Amino acid sequence: MSASNTIKVRPAAEAHGFPEKHATAVEQYTEESARVPIEIDAATKMELALRVACMPPRELRGLTVRFLDGDGKQVGQAELGEFDGDAYPGELVLEAPRRAGLHTWTAVLPAHTGDQTEYEAEATQFSFRVKAHTATVLVWDVPPAVVAGEAFTFKVGAKCLAGCRLENWRYVVNDQAGIALTSGVLGSEPWNGTAAVYYAEVAARAPVETGLHQWTISASSTDAAGLPHQDGYARLGVRSVSKPDCVVVVEAVDRATQTAIRGANVAMHPYRATTGADGVAQIHVSKGKYRVLISGPRHMPVQVDAEVTGDTSIRAKLDLDEAPADYAFWL
Ligand SMILES: [Zn+2]
């Protein structure tokens, strides 16, 4: 995250109408809109562009403008470059302050001598806002259904949009009523293949009442001395189902050859399974009416409506998807 912040230091002639004295004035602007408060994430790269003009014109190239923070401590300096027809440019890249809030800094053009004239130092202030980093919270590996009252696990992770390490962040899982169910801390290693998603495996228990339950997870920093971060939030749906008391055996076969289809997906919401080498999948479900959807990697999907009152067998015949190899071309 970075933001650009252009500071113009202008002379008295332009700013105040006193050509004999060099005063300075500062303007901050973004490309889109003049004089908007500039916001930047704490401790991220900050670019300052500086322009110093002078009336009447004289040589300012090589002079150094110093930047002081709110405590008067120098945070950086920029040397003025070649006159570009309008002003002398300078630039400075530095780390934004770590503390969130409004910061007012001062740009100082030091006292100097030119053409046998002594010019006093000029100082001018400008402000910008430093904000706390934003963290996003992610939830994954949540089972599609859990037997009411039984234990299950899922993953929770958090990521700082500025790329901070979020190890030891504390997470809290709340139920629909806002009551904390469990809590813990994120681990010290990022999730596989990600740069900065710090995560934990959460052990929880499905609500006793069957149905879909909406839980929320909050994650927050435990490092009071660290960079400022906003708390992150995520939601997750937990579906509690009654204990399965029936077995549904689904066999997927190719209609033309009557051979078993391996790797077919069988969905009986909220249950799922995949057929093995024998084309068979077994799903434990509770009694009820189901729409069974069977789809093979190279076959057209088939839908079967079934009322399950006991152990049940379904034989599904799937037609090969005979679309030509370049089918996608015609879409
Ligand atoms: Zn951060």
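Residues numbered from 1 in each chain as written. Predicted model: local features only at pLDDT ≥ 70, side-chain atom pairs only at ≥ 80, totals over all residues.

How do you make sense of the sheet that holds strand 12 (residues 135–140) when you look at a structure like this?
Whenever strands of a sheet pair, they do so through backbone hydrogen bonds, lying parallel or antiparallel. Spatially, 12-14-17 is the arrangement adopted by the 3 strands of the open sheet, whose pairing is antiparallel. Looking at the sheet topology across the chains shown, the edges are occupied by strand 12 and strand 17 (198–205). Ignoring which end each strand starts from, the neighbouring axes of this sheet average 25° apart. Both strand 14 (residues 151–160) and strand 17 contribute to a ladder of 8 bridges, which runs antiparallel. When the sheet's bridge partners are listed, alanine 151 is paired in strand 17 with arginine 205. (Pairing = 2+ DSSP bridges. Helix = DSSP H or I, 4+ residues; strand = E, 2+ residues; numbered from the N terminus. Axes fitted to C-alpha atoms, helices over the stretch in contact; angles between N-to-C directions.)

I keep staring at the environment of phenylalanine 67 and nothing clicks. Help me out?
Mapping phenylalanine 67 onto the fold places it in strand 5 (residues 64–68). Between the C-alpha atoms of phenylalanine 67 and leucine 92, which are 25 residues apart in sequence, the distance is 9.4 Å. The contact partners of phenylalanine 67, leaving out residues within four places of it in the chain, are Gln74, Val75, Gly76, Gln77, Leu92, Trp105 and Ala107. (Contact = placed C-beta atoms within 7 Å.)

Teacher, can you tell me more about the pairing of strand 25 (residues 302–308) here?
On a regular strand, each side chain points to the face opposite its neighbour's, so the side chains alternate between the two faces of the sheet. Sheet analysis places strand 24 (residues 288–295) next to strand 25, joined by 7 bridges and oriented antiparallel. Of the residues in strand 25, the one forming a bridge with arginine 291 is aspartate 305. Between the end of strand 24 and the start of strand 25, which pair antiparallel, lie 6 residues.

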